[in-house]
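# Descriptive analysis of the structure
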Amino acid sequence: MTVFKGMLLHFWRYKIMVIIVTFLFFGIAVLFAQNQSGEAFETSSMDIKIVNEADSEIADGLIDHLSTNNDVDVVNDYDRDQVVEEIYLMEIDGAVVIDENIESKFVNGASAVELFTDPRGTGSIHLNNEVSKYFRFLDADYNYTGTVDTENTLSTLEHGITVNIADPENTAEASDFEGMKFYTNFAGYIIMLLLLMFIGNIMTEFNQPELRDRVRVSPLKTVSYTAQIISAQSIMGIFSVLILFFGGIFIRWDSLDGVPLDKIFVALLLISLFTLSLQFVISSLTTNKFLINGIANFISIGMAFLSGIFIPEEVLGETVQNIARFLPLYHFTQIYAEPGITWSDSFTHVTILLLFIIVMLIIGIIFENKRKSSFNL
Amino acid sequence: MILMKDVIKRYKEVIALDHFSFSAGENEIIGLLGPNGCGKTTAINCMLSILKFDKGEIEIFGEKVDPNNNDIKQRIGVVPQEIAIFNNLNVVENISFFCGLYVKDSKTRKKLVDEAIEFVGLEKYRKFSPRQLSGGMKRRLNIACGIAHKPDLLFLDEPTVAVDAQSRNFILEGVKKMKDNGTTVVYTTHYLEEAEDLCDRLVIMDNGRNIAQGTLNELQRSISTQESITVSFLDDEDLRKKLKSLPNVVNVEKSGEIYTIQFEKHQNNLPNLIKFIEENQLTYTQISSEKPSLSNIFLELTGKELRD
């Protein structure tokens, strides 16, 4: 187990860097988790100043209507510039000036109130809507009965309906799933990057021709050497998967309804195995650390973008989506693509990832044998 | 212990070993000498089964070498020419790693690692990373990694290249100690003074061939020059023609007022020269006689300087 322990010892040398990268990852994951809380509707009240210059039932009705959900300050006179400044400084959301001839103006269909709002803010729309709603209902009632009845209008405006969102899935579960899906996508990318970089750097040490020769002249069998290298790499891969998988569960422990954890675990395990087999190919081609770090970044970031890890694939063009289907990271994301995904739904993607791993191992073995034969020149 | 017979190794059109034969007995230090590119490392790599050879036979410990013969490998130690250590592991970890390829028992290994550290004098640097060690200390660590498992046969491939004098002496003393402990050492170098000082027997290689082998005395006897006398005259006259007429003289070289006279036989050459000086009433300031050096041997055998 000398080689196995030696590799783990090398990995241990990178502990500080691994811890920093892991903490950065979890920090980013937590930040994203907070922003991925799903769609929510909030109610908010406006601060409205009403200048009531009229002594009228219509004016009182408007004040009552606006007071229902907002903070209303009713005054009898005003300074136009001061009101504009208050709106500009966001002290109030808007002001309504009720004309002293509101009744006659309403009956004649003329504009009965003057509104002051900041058109850049949403308060402007809300205030316009509320005032317009009041007068439309009042007008409808007046046209129908021939009298002004503000109480009837206000009572009509209080009517509401219960709306149920027609979604067959439980929305909370869907929200939990989306959050964990995003986390797993990112975790897949991080696993690729970490394993390619750290194991790549460790393997450059082990693959130095002088060191390889030293191992070759020893009584350690090649099979045993290879088995120990693969075991150590697998341990590192599994370790990364466990940290990121259980880290995800820890971060989102109260938001795991509807999340297919078993599929996510298998997907992470498969992507780490694919990365190790890819690493095998790279390390059989070069022992240059700079090149390995460059390839690690290029492959992981490139695949992540094309496979919709950072950007939803729907946003990407059709050509990019077609290319993505040939990339392992795409199939990694498809293993846990839906909240209620079954094993039979994931089967195709699991199989494709396994095929990717086998193909990479075969390519790696071919390159490795070529490299060994070049030693024997 | 080692028997190499008519080994041929080609790198495409280049013949690296040309019917190379060589043998080494138990408990001796045998030096493989030759200029860079003469095939020393190739010969070692063939013995170690790192390289496949095209023709010939190699036996070590009475068995044919084979990449899968782990019994032979278990008894061999190798110190490669290039420093082959892990930069991310410290001194103890490096030695323990390479010793672990031979020795499975951890307690035994720990003891062997401690002994190897003591042997190469790196006790104070046990936890040092190779990056913190000087070139000479790295060489010592490289040696410790190759000898920790106490091999019966040790290959040392130019272990003193680019090493300071202190580390060089340490390494040479260590090699002598290993021999005293019963290890056979195959030592390649192109430092002749090292080979003269260290080796029981020498094999001189050139263009992949074994051009001469034997003890230093045997090699000295095998060449035409047997004695070299250096004399410094105060006279202005060019004495080369007169000196060449002396019995047994092979060659006379003049550098300023110093003459180097080479004799083919070691027979009363110095008395004859003194008699010649007296007869010609010449004045000299110093005179010395010496046997041919390894450098002379190499020059005569190959026609070129060893450090070419």
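Quantities reported herein were computed from a predicted structural model and do not represent experimental measurements. (Residues numbered from 1 in each chain as written. Chains lettered and ligands numbered in written order. Predicted model: local features only at pLDDT ≥ 70, side-chain atom pairs only at ≥ 80, totals over all residues. Heavy atoms only, no water.)

### Side note on the UniProt feature "domain: ABC transporter" (unreviewed entry) in chain B
We count it as follows: UniProt positions are given in the numbering used here, feature names are shortened, and annotations may be inferred rather than shown by experiment. Helix numbers and strand numbers start at the N terminus; a helix is a DSSP run of H or I with at least 4 residues, a strand a run of E with at least 2.
With numbering matched to this structure, UniProt assigns "domain: ABC transporter" (unreviewed entry) to residues 2–232 of chain B. Secondary structure content for residues 2–232 of chain B is 35% helix and 29% strand, while the C-alpha to C-alpha distance between its ends is 47 Å.

### With respect to the environment of B:Val252
Residue and element names in this part refer to chain B. Threshold: Contacts are assigned to residue pairs that have any heavy atoms within 4.5 Å of one another.
Tracing the chain through its elements places Val-252 in strand β12 (residues 249–255). Separated by 51 residues in sequence, Val-252 and Gly-303 place their C-alpha atoms 17 Å apart. Excluding its chain neighbours within four sequence positions, the residues that come into contact with Val-252 are Arg-240, Leu-243, Lys-244, Tyr-259, Thr-260 and Ile-261.

### Describing the interface of chain B and chain A
To be explicit about the condition: The quantity reported as buried area is the accessible area (1.4 Å probe) lost by two parts once they are put together, taken as the sum for both. When a carboxyl oxygen of Asp or Glu is within 4 Å of a side-chain nitrogen of Lys or Arg, the pair counts as a salt bridge. Any pair of nitrogen or oxygen atoms within 3.5 Å is treated as a polar contact; in protein, a donor-acceptor pairing is required on top of that, and neighbouring residues in sequence qualify only through side-chain atoms on both sides. Residues are grouped as follows: Ala, Val, Leu, Ile, Met, Phe, Trp, Tyr, Cys and Pro are nonpolar; Asp, Glu, Lys and Arg are charged; every other residue, Gly included, is polar.
Tallying the contact residues gives 31 residues for chain B and 24 residues for chain A. Taken together, both faces of the contact between chain B and chain A bury some 2500 Å²; the carbon and sulfur share is 60%. Where chain B packs against chain A, one counts one salt bridge. Here B:Glu93 and A:Arg13 are joined by a salt bridge, their closest N and O atoms 2.2 Å apart. Between the two partners, chain B and chain A, sit 10 residue pairs in polar contact (both at pLDDT 80 or more). Put simply, the parts of the chain that give the side of chain B that touches chain A at least two residues each are β1 (2–11), α2 (70–74), β6 (76–79), α3 (91–100) and α5 (135–147) of chain B. With five residues, α3(B) is the single largest residue contributor to the side of chain B that touches chain A. Here the side of chain B that touches chain A is composed, by residue class, of 16 nonpolar, nine polar and six charged.

### As for the packing of aromatic side chains
Residue and element names in this part refer to chain A. Filter applied, for reference: Each Phe, Tyr or Trp ring, with Trp reduced to its six-membered ring, pairs with another whose centre is within 6.5 Å; inter-plane angles below 30 degrees give stacked pairs, above 60 give edge-to-face pairs, and intermediate values give tilted ones. Here the term buried applies to any residue with accessible area under 20% of the maximum for its type, exposed to any over 50%, and partly exposed to those in between, with areas from a 1.4 Å probe on protein chains only.
Inspection of the entire model under this criterion finds 21 aromatic pairs over all chains. Judged by centre distance (5.4 Å) and plane angle (55 degrees), the ring pair of Phe-25 and Tyr-183 falls under tilted. Pair noted here: Phe-25 is in helix α2 (residues 15–35) and Tyr-183 is in helix α8 (residues 171–206), with a separation of 158 residues, a long-range link. Tyr-183 shares its class with Phe-25; the two are buried. Ring plane angle 70 degrees and centroid distance 5.0 Å describe the contact between Phe-245 and Phe-265, whose orientation is recorded as edge-to-face. Of this pair, Phe-245 sits in helix α10 (residues 222–251) while Phe-265 sits in helix α11 (residues 261–285), and the two are 20 residues apart along the sequence.

### Overview of the sheet that holds β1(B)
Strand pairing in a sheet relies on backbone hydrogen bonds, with the paired strands running either antiparallel or parallel. Residue and element names in this part refer to chain B. What counts is decided by this rule: Being paired, for any two strands, means DSSP has found at least two bridges between them. What counts as an axis is a line fitted to C-alpha atoms, over the stretch in contact for a helix, and the angles between N-to-C directions run from 0 to 180 degrees.
The four strands are arranged β2-β1-β4-β5 in an open sheet whose pairing can be described as antiparallel. Edge positions in the open sheet fall to β2 (14–24) and β5 (63–64), since each of these has one partner strand only. Across the face of the sheet, helix α1 (residues 40–47) comes into contact with β1, β2 and β4 (55–60) while running at roughly 115 degrees to β1.

### Regarding the sheet that holds strand β14 (residues 284–290) of chain B
All names here are of chain B. Sheet architecture is open: four strands sit in the order β12-β13-β11-β14, paired in antiparallel fashion. Sheet topology places β12 and β14 at the edges, where each strand pairs with a single neighbour. If you compare each strand with its neighbour and ignore which way they point, the axes differ by 15 degrees on average. Pairing between β12 and strand β13 (residues 258–263): six bridges, direction antiparallel. Following the sheet pairing, Asn-251 is matched in β13 by Gln-262.

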